[in-house]
Amino acid sequence: MTTKLKSYFAALGILAASYSANAQAPTKFIDPANMDLTVKPGDDFYQYASGTWIKNNPVPAKETRWGSFNALRDFNINAVKGLVEDAAADKSAPAGSVKRRVGDFYAAAMDSITIEKLGYTPIKADLEKIKQIRDLQGILDHAAYLRTTGLASPMFSFYIGQDRKNVNKYMPQLGQGGTSLPDRDYYLKDDSRSVKIREAYDKYMTTLFTLTGYSPAEAKKKAATVMAIEKQLAEAQMPRVEMRDPHKTYNKFTVADFSKSTPQLNWVTMLPKFKVNGQDTILVSTPKFFVSLDGLLKTIPVADWKTYLEWNVLKSSASNLSSPFVNASFAFTQAQTGQKVQTPRWQRMSQLTDGTVGELLGQLYVAQYFKPDAKVRMTELIANLRKAFEIRINNLDWMSDVTKGKALEKLNAFVPKIGYPDKWKDYEGLTITRTTYLQNLRNAGAWGYNEMVTQLGKPVDRTRFGMTPPTVNAYYSPTMNEIVFPAGILQFPFFDPNADDAVNYGGIGAVIGHEMSHGFDDSGSQYDKDGNLRNWWTAEDKVKFEAKTKALGEQFDAYTVLDTIHVIGKLTMGENIGDLGGLNAAYTAFKLTKQGQSEDKIDGFTPDQRFFLSWAQVWRGNVLDETAAQLIKTDPHSPGPFRTIGAPVNMDAWYKAFDVKPGDKLYKKPEDRIRMW
């Protein structure tokens, strides 16, 4: 997520998956040929629903996982490929037009001949500037320069976002950071996987330093210096599970007072260097981290900080330089994820175009691939899910009328966004040429930073999308109290206008319900209807809710991947509540439809069976062992097999639909089933 979009939101978790979808919808939306009918659904519903598909769809060499999400994302990236290649080939598009800017960006990114010739020339001047630094003030000034020019974000994170207790106001916000490995544990633990990744990281750093002219011995020493600094930063960081508590990470200070706790980091003089002027208060997610960082600035030699800044430039540029840098970068990725071959350049650059000028590319995507009738149907589905959620809240036997009233107020205040923004970002002032690939990226980084800081003092812009239109995902923002569905997800297996209600409600209906449920998960439930971080629960109801979250955490803690690595129930709590609440709400909405009230079979399955099988086929997939191990530490979503079963085993309707009985491996007694939303 880019800094300017860093305001908290909960995504569906398709961030990690992607269905070799055809342009034409399959004739069988629930196809028995994809299932393993030799398995009892009550023993292994994941295998029963998707076993044959899983066996026949191994992870492609260029991927780290492969499932329904990935296949749909693969379809979308090929759609994007057609758009960017067409734009790049169209020399007649007027200068400054959407098509011309998209085409120029992609053409420069694909000009590998020029990129190879340049080697690391594009960053030589940056590395030389760092060598000229003489003192600690120079280190801090240059760190600010790297940030504001979009080159790197050393030491910590900084962004402009909504004040979570006063959401109509933007605030400058500081957070922990400064490390390169995916999680602090990789620096601090000595299990074989962590050690292996540290060794690969050391090799990666050594290679890049060598490629920029240092002797092998010098490069090795520099790598050790960076590792030592990053390990100390990792020790100072708050663990991911703790970071999920929005109250723990909300700490407001006057700029002057916060500066007293970090004397080396005088924020009164530093913020103007971040192009932030006239701000007297600041939000800090992890104050202790900055106290520790301040201590490191005193004790670590300036020469070592210079090496650290060099590394920040190198790592942020490596994948955009010549082949030796790109190959070293991929080798490090490979060590972490197990990916067999590098993703093709066209795919990387298509994705980069989407990630850099996504609302220019998005205009081309929407014009060709977004069907207006999908928006109409989605609007209906959202209205039906909202009604179903209201029914469920009113029927809760564990919640008082007082809290129910507040919950309903919040539900009714949800703002849905579908497809693409009403007002496109125009990227005015962003220079893009066909000849300067890395400079285009830098211009975009600097433009994005400037756009972010200019939000200060302005009304909160509620028209923005936090994802680009081709994205196969969805999200809920608690500070906006909005549920957002980009155009990319409005396709099979989530949604198809020709599918029966069971399939659409088990797919996109559950996605809609999932995002709604984020407003009521363990974190989102702490925000009120206006998006402010403010309690609206009675003390008694809060205790009951926490007991239910504890039980759900224990359910997921018991699941393992690779035989021994346990899912972290507290890390995945929000997404697990999203699945449980979302699938229940979708089922309630489905039962209000004509098909939901019938018993008519299609392809041999009852409406209720089709509903749950639709849910299951969304989460089918394969994942490389290395990636699976990493995701357990870093991904707030549970693995696909456990998303498939985690919610249904708590729903009476699933037991009835598949005749699941005591003795079946997935059976839970009725009194043990977790009933939350």
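Residues numbered from 1 in each chain as written. Predicted model: local features only at pLDDT ≥ 70, side-chain atom pairs only at ≥ 80, totals over all residues. Heavy atoms only, no water.

Caption draft 1: Structural context of the overall build of the protein. Check the secondary structure of the protein and you find 27 helices and 12 strands. The globule rule puts the C-alpha radius of gyration for 677 residues at 26 Å, and the 25 Å found for the protein is close to it. Entry remark: accessible area of the protein is about 26900 Å², with carbon and sulfur atoms responsible for 53%. A distance of 3 Å separates the average location of the 84 positive side-chain charges in the protein from that of its 75 negative side-chain charges. (Helix = DSSP H or I, 4+ residues; strand = E, 2+ residues; numbered from the N terminus. Rg over C-alpha atoms; globule rule 2.2 N^0.38 Å. Areas by Shrake-Rupley, 256 points an atom, 1.4 Å probe, with all protein chains shown as cover. Lys, Arg positive; Asp, Glu negative; His and termini not counted. Charge placed at Lys NZ, Arg CZ, Asp CG, Glu CD.)

Caption draft 2: Just helix α22 (residues 539-557), in detail. With 19 residues, α22 ought to run about 27 Å at 1.5 Å a step, and its terminal C-alpha atoms sit 27 Å apart, in line with that. Along α22, the residues classified as buried are Asp 541, Lys 542, Phe 545, Lys 548, Thr 549, Leu 552, Gly 553, Gln 555 and Phe 556. All buried residues of α22 fall inside an arc of 155° around its axis, so they share one side. The exposed set on the far side of α22, more than 90 degrees from its buried face, consists of Ala 539, Glu 540, Val 543 and Lys 550. Here the buried face of α22 lies against α19 (401-413), α23 (573-590) and α26 (640-646). (Expected span 1.5 Å × (residues − 1). Buried < 20%, exposed > 50% of the residue type's maximum accessible area, 1.4 Å probe, protein only. Arc of directions from axis to C-beta. Contact = heavy atoms within 4.5 Å.)

Caption draft 3: Here's a closer look at the environment of Ala 108. One can find Ala 108 in helix α3 (residues 98-110). If we skip the residues at most four places from it in the chain, Ala 108 touches Ile 115, Thr 433, Arg 434, Thr 435, Thr 436, Tyr 437 and Asn 440.

Caption draft 4: The packing of helix α8 (residues 192-211) against helix α15 (residues 323-337), seen in detail. Interhelical geometry of α8 versus α15 gives an angle of 175° and a closest axis separation of 9 Å. The angle between the axes of α8 and α15 places the two elements in the roughly antiparallel class. Between α8, through Arg 193, Lys 196, Ile 197, Ala 200, Tyr 201, Tyr 204, Thr 207, Leu 208 and Leu 211, and α15, the contact on the second element is made entirely by Pro 324, Phe 325, Ala 328, Ser 329, Phe 332, Ala 335 and Gln 336. (Axes fitted to C-alpha atoms, helices over the stretch in contact; angles between N-to-C directions. Parallel < 35°, antiparallel > 145°, perpendicular 65-115°, else oblique.)

Caption draft 5: Molecular detail of unusual backbone geometry. Going from Phe 492 to Pro 493, the amide bond is cis rather than trans, its omega being 15°. Inspection of the secondary structure assignment puts Pro 493 in the loop between β9 (482-486) and α21 (501-518). Positive phi, normally seen in glycine, also occurs at Leu 562, with a value near 50°. The phi angle at Asp 659 is positive, at roughly 50°, despite the residue not being glycine.

Caption draft 6: Main features of the packing of aromatic side chains. Per the stated rule, a full pass over the model turns up 50 aromatic pairs. Taken together, a centroid distance of 5.9 Å and an interplanar angle of 55° make the contact between Phe 414 and Phe 520 tilted. Taken as a pair, Phe 414 in the loop between α19 and β7 (415-419) and Phe 520 in the loop between α21 and α22 lie far apart in primary sequence, 106 residues in all. Like Phe 414, the residue Phe 520 is buried in the burial classification. Connected via pairs of aromatic rings, a cluster forms that spans Phe 389, Trp 398, Phe 414, Tyr 476, Phe 520, Trp 536, Trp 537, Phe 545 and Trp 677. Residue placement shows Lys 633 over the ring face of Tyr 186; its charged tip is 5.5 Å from the ring centre. The ring of Tyr 655 is capped by Arg 673, whose NZ or CZ atom sits 3.5 Å from the centre of that ring. (Phe/Tyr/Trp six-rings, centres within 6.5 Å; stacked < 30°, edge-to-face > 60°. Lys NZ or Arg CZ within 6 Å of the ring centre and 35° of its normal.)

Caption draft 7: Quick look at the side chain of Asp 104. Mapped onto the secondary structure, Asp 104 falls in helix α3. A relative accessible area of 7% places Asp 104 in the buried class. Residue contacts for Asp 104: discarding those within four places in its chain leaves Ile 432, Thr 433, Arg 434 and Asn 440.

Caption draft 8: Representation of the nonpolar core in the model. Counting residues in each nonpolar core, the largest one holds 192 residues, and the members touching the most others are Phe 156, Trp 267, Phe 612 and Trp 677. If you tally residues by element for this core, the top one is helix α2 (residues 68-89), at 10 residues. What Trp 677 contacts, discounting residues up to four positions off in sequence, is Phe 389, Arg 392, Ile 393, Leu 396, Met 399, Phe 520, Trp 537, Phe 545, Ile 577, Gly 581 and Asn 584. With 7 residues, the next largest nonpolar core counts Trp 53, Val 59, Ala 71 and Leu 624 among its residues. (Core = buried A, V, L, I, M, F, W, Y, C linked by side-chain atoms within 4.5 Å.)

Caption draft 9: Layout of the pairing of β9. The buried fraction of β9 is high, at 5 of 5 residues. Burial along β9 is two-sided: Glu 482, Val 484 and Pro 486 facing one way and Ile 483 and Phe 485 facing the other are all buried. From the end of strand β8 (residues 475-477) to the start of β9, which pair antiparallel, there are 4 residues, and Asn 481 there has a positive phi angle of about 50°. (Pairing = 2+ DSSP bridges.)

Caption draft 10: Representation of the sheet that holds strand β3 (residues 156-163) within the structure. Pairing is mixed across the open sheet formed by 4 strands, whose spatial order is β3-β4-β6-β5. Strand pairing shows two members of the sheet lacking a second neighbour, β3 and β5 (252-254), which therefore form its edges. Mean inter-strand twist for the sheet, computed between neighbouring axes without regard to direction, equals 35°. Both strand β4 (residues 166-176) and strand β6 (residues 281-284) contribute to a ladder of 2 bridges, which runs parallel. The residue bridging Gln 173 from the neighbouring strand is Leu 283, located in β6. Packed onto the sheet, helix α13 (residues 287-299) meets β3, β4, β5 and β6 and runs at close to 40° relative to β4.

Caption draft 11: Local environment of the side chain of His 514. The residue His 514 is located in helix α21 in this model. Judged by its relative accessible area of 1%, His 514 is buried. A distance of 2.9 Å separates polar atoms of two side chains, one belonging to His 514 and the other to Glu 575. There is a polar contact of 2.8 Å between the side chain of His 514 and the side chain of Asp 579. (Polar contact = N/O pair within 3.5 Å; in protein donor to acceptor, adjacent residues only side chain to side chain.)

Caption draft 12: Main features of the environment of Gln 595. Here Gln 595 is to be found in the loop between α23 and α24 (607-618). For Gln 595, a relative accessible area of 13% gives the class buried. In this structure the side chain of Gln 595 is engaged in a polar contact, spanning 3.0 Å, whose partner is the backbone nitrogen of Asp 501.

Caption draft 13: Representation of the packing of α2 against helix α16 (residues 345-356) in the model. Contact pair α2 / α16: the axes reach a minimum separation of 9 Å and the direction vectors enclose 80°. As judged from the angle between their axes, α2 and α16 are roughly perpendicular. Along its contact with α2, which presents Ile 77, Asn 78, Val 80, Lys 81 and Val 84, the element α16 presents Trp 346, Gln 347, Ser 350, Gln 351 and Thr 353. Broken down by class, the residue content of the contact of α2 with α16 amounts to 4 nonpolar, 5 polar and 1 charged. (Nonpolar A, V, L, I, M, F, W, Y, C, P; charged D, E, K, R; others polar.)

Caption draft 14: Looking closely at helix α25 (residues 625-634). Here α25 lies mainly inside the structure; 7 of its 10 residues are buried. Of all the residues in α25, the buried ones are Thr 627, Ala 628, Ala 629, Gln 630, Ile 632, Lys 633 and Thr 634.

Caption draft 15: View of the pattern of salt bridges. Taken as a whole, this structure holds 33 salt bridges when the rule is applied. Taking the shortest distance from any N to any O, the salt bridge between Asp 86 and Lys 99 comes out at 3.0 Å. Linking Asp 86 in helix α2 with Lys 99 in helix α3, this pair joins segments that are 13 residues apart in sequence. Looking at Asp 86, the relative accessible area reads 43%, which means it is partly exposed. (Salt bridge = Lys/Arg side-chain N within 4 Å of Asp/Glu carboxyl O.)

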